[in-house]
Amino acid sequence: MKKTKAKNYSWIIFDKFARYGLTALLGVVLVGESVGAVGKNAGVEIAQQQENIQVDTTRTEAKRLTDEGHRLFQKGTAESLKQALGKFKSALELWRKLGDKQWQATNMHRIGYIYDLLGDKRQALKFYNQALPLRREIGDKSGQATTLNNIGNVYEDLGDKQQALKFKNQALPLKREVGDKTGQAKILNGIGGVYSELGDKQQALKYYNQALPLSREVEDKKQEATTLNGIGFVYDSSGDKQQALKFYNLELLLRREIGDKSAEATTLYNIGLIY
């Protein structure tokens, strides 16, 4: 009987030990896996943090270069424009690296505009045509319209009036769609100017007369003066000197009001020519 009890007891002890040992072993395994998982997650988090820091650093530098380019552009000298060009190009590479299409398009447009101002029309077209599909892709309709209008301006400068009209007429409905009345007036003035250069006075007046109330509505006196000048020129070149004087004199008042002395001098000269 004692022997049997001892045997049974020994089995019970072993069974408990076996179960305890298995539990301990599983605990060690699970703890090991947990520590490994924590280590792995920590590694991923550190890598992600480093990547975020790099992205933030690149974005900060891209923004700095863009801002410097803008400040140089505002100076408006030939030298500052060339310096701005370099800044915008350097910024563009960083915006590409970041995959930021909005800023890529903005910098491409600005580079195109500077080339346009510097007289390099082919390079201007190259960058405008790179900016345009990006602006379409991100749904920037106002930006699309601005780029389309500027492409039209380049073609006008190159003497291709029909291409100029084509791009300006693509820009106009986009400005209408976004409700940009100042932008509409500017494009309408541009279209009127192209028709005036083509000798189509009626079409020129049609577009100028659409631009005029828009400029007045948004109280854009500079744009209004530009429209009045265009209308005055159409009447002047058509031989209607009295009507030309009427619009040039209205323009003159606005030029004086906004303090645009250079344009005021041109208007005075045009009035003098009529007399």
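Residues numbered from 1 in each chain as written. Predicted model: local features only at pLDDT ≥ 70, side-chain atom pairs only at ≥ 80, totals over all residues. Heavy atoms only, no water.

*Asks:* What am I meant to see in the confidence of the model for the chain here?
*Replies:* Fine structural detail should not be taken from predicted coordinates in areas where pLDDT scores are low. Scored by pLDDT, the chain comes out at a mean of 88, with 84% of its residues at no less than 70. A low-confidence stretch, residues 1–20 (pLDDT under 50), is modelled with zero contacts involving residues beyond four sequence positions or located in other chains. (pLDDT = per-residue confidence, 0-100. Contact = heavy atoms within 4.5 Å.)

*Asks:* Looking at this model, I keep getting lost on the packing of helix α3 (residues 101–117) against helix α4 (residues 121–137). Mind explaining?
*Replies:* Two quantities define a packed helix pair, namely the angle between the helix axes and the distance between the axes. Interaxial distance between α3 and α4 falls to 8 Å at its minimum, and their mutual angle equals 160 degrees. As the angle between them shows, α3 and α4 are arranged roughly antiparallel. Seen from above, α3 lies across α4 with left-handed handedness. Residues Lys101, Gln104, Ala105, Thr106, Met108, His109, Ile111, Gly112, Tyr113, Tyr115 and Asp116 of α3 form the contact with α4, whose participating residues are Lys121, Gln123, Ala124, Phe127, Tyr128, Gln130, Ala131, Leu134, Arg135 and Glu137. The residue makeup of the contact of α3 with α4, split by class, is 10 nonpolar, six polar and five charged. (Axes fitted to C-alpha atoms, helices over the stretch in contact; angles between N-to-C directions. Helix = DSSP H or I, 4+ residues; strand = E, 2+ residues; numbered from the N terminus. Parallel < 35°, antiparallel > 145°, perpendicular 65-115°, else oblique. Left-handed = near helix turned anticlockwise from the far one by under 90°. Nonpolar A, V, L, I, M, F, W, Y, C, P; charged D, E, K, R; others polar.)

*Asks:* Is there a simple way to explain helix α5 (residues 141–157) in this structure?
*Replies:* Within an α-helix, residues lying three or four positions from one another point in the same direction, as the helix has 3.6 residues per turn. With 17 residues, α5 extends 24 Å from end C-alpha to end C-alpha; this agrees with the ideal 24 Å at 1.5 Å per step. Along α5, 12 of the 17 residues are buried, which leaves the element largely enclosed by surrounding structure. All of the buried residues in α5 are Gly143, Gln144, Ala145, Thr147, Leu148, Asn149, Asn150, Ile151, Gly152, Val154, Tyr155 and Glu156. Looking at the buried residues of α5, the elements they touch are α3, α4, α6 (161–177) and α7 (181–197). Directly after α5, the chain includes Gly159, whose backbone phi takes a positive value near 90 degrees. (Expected span 1.5 Å × (residues − 1). Buried < 20%, exposed > 50% of the residue type's maximum accessible area, 1.4 Å probe, protein only.)

*Asks:* What is the right way to read α4 from this model?
*Replies:* Between its first and last C-alpha, α4 extends 25 Å over 17 residues, near the 24 Å set by a 1.5 Å rise per residue. Those residues of α4 that sit buried are Lys121, Ala124, Leu125, Phe127, Tyr128, Ala131, Leu132, Leu134 and Arg135. Those residues of α4 that are buried lie in contact with α2 (78–98), α3 and α5. Immediately downstream of α4, the backbone of Gly139 shows phi near 75 degrees, a positive value.

*Asks:* I would appreciate a short explanation of the pattern of salt bridges in the present structure.
*Replies:* Side chains that carry opposite charge are capable of pairing whenever their charged atoms lie near each other. As enumerated under the stated definition, the model contains 20 salt bridges in all. As a salt-bridge pair, Glu224 and Arg216 come within 2.9 Å of each other at their nearest N and O atoms. Linked through salt bridges whose partners overlap, the residues forming this network are Glu61, Arg64, Glu68 and Lys87. (Salt bridge = Lys/Arg side-chain N within 4 Å of Asp/Glu carboxyl O.)

*Asks:* Help me out: how do you make sense of the nonpolar core in this one?
*Replies:* Soluble, globular proteins show a tendency: their nonpolar side chains are buried together. Ranked by size, the top nonpolar core spans 48 residues in total, and within it Ile111, Ile151 and Ile191 carry the most contacts. Look past the residues within four positions of Ile191 in its chain and what remains in contact with it is Leu165, Lys168, Asn169, Leu172 and Tyr207. Core analysis: the next-biggest nonpolar cluster, separate from the first, contains six residues, Leu245, Leu252, Ile271 and Ile274 among them. (Core = buried A, V, L, I, M, F, W, Y, C linked by side-chain atoms within 4.5 Å.)

*Asks:* What should I look at first to understand the packing of aromatic side chains in this one?
*Replies:* Where two aromatic rings form a pair, the distance of their centres and the angle of their planes describe that pair. Throughout the structure, instances matching the rule amount to six aromatic pairs. Both rings, one in Tyr195 and one in Tyr207, keep their centres 5.7 Å apart while their planes meet at 15 degrees; by these two values the pair is stacked. Taken together, the residues Tyr195 in helix α7 and Tyr207 in helix α8 (residues 201–217) connect sequence positions 12 residues apart. Assigned by exposure class, Tyr195 and Tyr207 land together as buried. Where Tyr235 meets Phe247, the ring centres are 5.8 Å apart and the plane angle is 15 degrees; that geometry is what we call stacked. With Tyr235 in helix α9 (residues 221–238) and Phe247 in helix α10 (residues 241–258), this pair connects stretches of sequence that are 12 residues apart. Judged by its relative accessible area of 11%, Phe247 falls in the buried class. (Phe/Tyr/Trp six-rings, centres within 6.5 Å; stacked < 30°, edge-to-face > 60°.)

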